[in-house]
Amino acid sequence: MLFSLLVWVTVFQEFCSLECPSPKTISSIGGLHQLLGLHDYGFAAVARDSLVSLPDCQGTNRMGASFDAPSGRRLLKPEEYMELMCSLKPNIWASMADEVPAWVSEKRNVTSVDRTVRWLDDCISLDPENGAAILGAVVGGSSLEQRRRCACEVAKRNVTGFCIGGFGLGEDMEERPALFNAVTDALPKEKVRYICGLGLPEEVLQGVHAGIDLFDTTYIYHLTIGGFALVFPLDDGDGSTRDSVPHHEGGDFTKINLRATIYRKDTSPLVEGCSCYACQHHTRAYINHLLNVHEMLAQILLEIHNTHHYLAFFRLIREAIKQGNFELFRTNFIAHRRNHLVRFETSMVEVLSDKRNTYLSVAGRRRRSSQSPAIAELCCQPVVEAVEGKGRSTVQGKC
């Protein structure tokens, strides 16, 4: 079951926070739809909060999953988890998973898969609907064999979709395609596939290529908190800039850092032609000012723009899939981004070289003006050697 308007709810925050309503209270109200008043939205619940409480694989045991939360480490058991599900009444929800990072041993990966499958069986047995709304968790770390085994086991259960976990926890982008294929090849194509932990545009394209349907990411949140705005080029259908090239001190051709001083007098919008509220009504200089004075409005405006830009990227992906040219879109997008990164690295090398030469030139003038002619003549030699490639340490060692 897919929803055009889907709200992801972090179940663990409800479990660990003492200030949240109790499951009994939420159940008496009628669930999340009644509590929040969002009757036209679909709710999906997951036992992972990527912002605050990532799973702790060392504290997890056969009884349940362990999380590090603001209130301390908590152990969430399948019985407690199902109590929350019955009170929240989400439209779809993910089963509990023993997620492990990429660097654990093969033995730990085997244990992770065994626990996850066992917890899925416990959730199905305790579910009044017998698993009709469950996204079965698929784990296995960086082990292809265990990923494949977990996917095969979960696919045998009565679930409505699959929650592919354990990504974004230390694995390389180069090894992800094989891990994706090991999972998706064993899953039925007619059921939804959800993944969390991936957010970069390249990672999203990688996931879509492997057959992932839903993405849960904190990418926009971290960009906004850091004062960054997305500016990478989009298709003409979005109306935003086609070749945004930010200054080297303010971004990397994917995003710009609005805290940089170069935007203090920049009266242009975040992205020329962007139709979001922030770009239509405010300038880079204004947001730079808000960030410098620590105004909350800065994060609000950046959140509006980044979400708008990111969703436009997903619209382009869906349109490319409908037209049957997703592979061309993916290849062109990655190639364009790679060219931008090469230009960024080249410009950074040039800037650092200019700053080094300026520093050495000033240092040489100061020595010649403050020392005798004989000493100044000796000091010139290290400066020349440094410019020729021996590095700044040569100057510092002889001064």
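Residues numbered from 1 in each chain as written. Predicted model: local features only at pLDDT ≥ 70, side-chain atom pairs only at ≥ 80, totals over all residues. Heavy atoms only, no water.

**Looking at the overall build of the protein**
Then step 1. When helices and strands are tallied, the protein shows 15 helices and 11 strands.
Then step 2. The buried share of the protein, reckoned over its 399 residues, is 48%.
Then step 3. Taking the contacts inside the protein whose residues are at least 6 apart along the sequence as the reference set, 64% of them involve residues at least 24 apart.
Then step 4. Carbon together with sulfur atoms contributes 53% to the accessible area of the protein, which is approximately 19700 Å² in total. (Helix = DSSP H or I, 4+ residues; strand = E, 2+ residues; numbered from the N terminus. Buried < 20%, exposed > 50% of the residue type's maximum accessible area, 1.4 Å probe, protein only. Contact = heavy atoms within 4.5 Å. Areas by Shrake-Rupley, 256 points an atom, 1.4 Å probe, with all protein chains shown as cover.)

**Focus: the pattern of salt bridges**
Then step 1. Tallying each qualifying case throughout the model produces 10 salt bridges.
Then step 2. The partner of Arg108 in a salt bridge is Asp98, with the nearest N and O atoms 2.9 Å apart. Of this pair, Arg108 sits in helix α5 (residues 106-126) while Asp98 is found in the loop between β5 (92-94) and α5, placing the two residues 10 residues apart along the sequence. The same class applies to Arg108 and to Asp98, which are both buried.
Then step 3. Close ionic contact of Arg149 with Asp114 constitutes a salt bridge, the shortest N to O distance being 3.1 Å. With a gap of 35 residues between them, Arg149 in helix α6 (residues 144-155) and Asp114 in helix α5 connect regions that are remote in the sequence.
Then step 4. A relative accessible area of 30% means that Arg149 is categorised as partly exposed.
Then step 5. By relative accessible area, Asp114 is classed as partly exposed at 35%. (Salt bridge = Lys/Arg side-chain N within 4 Å of Asp/Glu carboxyl O.)

**Here we look at the nonpolar core**
Then step 1. Within the largest apolar cluster, 62 residues are counted, with the highest numbers of intra-cluster contacts made by Tyr81, Trp93, Phe313 and Phe329.
Then step 2. With seven residues, the top contributor of residues to this core is helix α12 (residues 296-323).
Then step 3. Core analysis: the next-biggest nonpolar cluster, separate from the first, contains 18 residues, Tyr263, Cys274, Ala278 and Leu291 among them. (Core = buried A, V, L, I, M, F, W, Y, C linked by side-chain atoms within 4.5 Å.)

**Thoughts on the packing of helix α8 (residues 201-210) against α12**
Then step 1. Direction vectors running N to C along α8 and α12 enclose 30 degrees, while the axes themselves pass 12 Å from each other. Between α8 and α12, the interaxial angle falls into the category roughly parallel. Considering how the two elements wind past one another, α8 and α12 form a crossing that is right-handed. Between α8 and α12, the contacting residues are Pro201, Val204, Leu205 and Val208 on the first element and Tyr310, Phe313, Phe314, Ile317 and Ile321 on the second. (Axes fitted to C-alpha atoms, helices over the stretch in contact; angles between N-to-C directions. Parallel < 35°, antiparallel > 145°, perpendicular 65-115°, else oblique. Left-handed = near helix turned anticlockwise from the far one by under 90°.)

**Details of the packing of helix α4 (residues 78-88) against α5**
Packed helix pairs are specified by the crossing angle of their axes together with the interaxial distance, meaning the distance between the axes.
Then step 1. Running from amino to carboxyl end, α4 crosses α5 at an angle of 45 degrees, the nearest separation of the two axes being 10 Å. Put simply, α4 runs oblique to α5. Crossing of α4 against α5: the hand is right-handed. Contacts between α4 and α5 involve Pro78, Glu79, Tyr81 and Met82 on the former and, on the latter, Trp119, Asp122, Cys123 and Leu126.
Then step 2. Residue composition of the contact of α4 with α5, by class: six nonpolar, no polar and two charged. (Nonpolar A, V, L, I, M, F, W, Y, C, P; charged D, E, K, R; others polar.)

**Side note on the packing of aromatic side chains**
Then step 1. Overall, the coordinates contain 11 aromatic pairs when judged by the stated rule.
Then step 2. Plain terms: the ring middles of Tyr81 and Trp93 are 6.0 Å apart, the flat faces sit at 65 degrees to each other, and that makes the pair edge-to-face. Of this pair, Tyr81 sits in helix α4 while Trp93 sits in strand β5, placing them 12 residues apart in sequence. Trp93 matches Tyr81 in its accessibility class, with the two residues each being buried.
Then step 3. For the pair Phe313 and Phe314, a centre-to-centre distance of 5.9 Å together with 75 degrees between the ring planes defines the contact as edge-to-face.
Then step 4. For Phe313, a relative accessible area of 0% corresponds to the buried category.
Then step 5. In textbook terms, an aromatic cluster arises when at least three aromatic residues are bridged by ring pairs, as seen for Phe215, Tyr219, Phe232, Tyr310, Phe313, Phe314, Phe329 and Phe333. (Phe/Tyr/Trp six-rings, centres within 6.5 Å; stacked < 30°, edge-to-face > 60°.)

**Re the pairing of strand β6 (residues 134-138)**
Note on strand geometry: in a regular strand, side chains alternate between the two faces of the sheet.
Then step 1. When you tally the buried positions in β6, you get five out of five residues, the bulk of the element.
Then step 2. Here β6 shows a buried face lined by Ile134, Gly136 and Val138 and a second buried face lined by Leu135 and Ala137.
Then step 3. With four bridges connecting them, β6 and strand β7 (residues 161-164) associate as parallel partners. Among the inter-strand pairings, Ala137 is bridged to a residue of β7, identified as Cys163.
Then step 4. Of the crossover connections in this fold, the one passing from β6 over α6 to the parallel β7 is right-handed. (Pairing = 2+ DSSP bridges. Right-handed = clockwise from strand over helix to strand, strands pointing away.)

**A short note on the confidence of the model for the protein**
Then step 1. Here the protein averages 79 in pLDDT, and 72% of its residues register 70 or above.
Then step 2. Low pLDDT, under 50, characterises residues 236-248; the stretch is placed with 44 contacts to residues that sit more than four places away or in other chains.
Then step 3. Scored below 50 in pLDDT, residues 374-399 makes 27 contacts in the model with residues more than four places away or belonging to other chains. (pLDDT = per-residue confidence, 0-100.)

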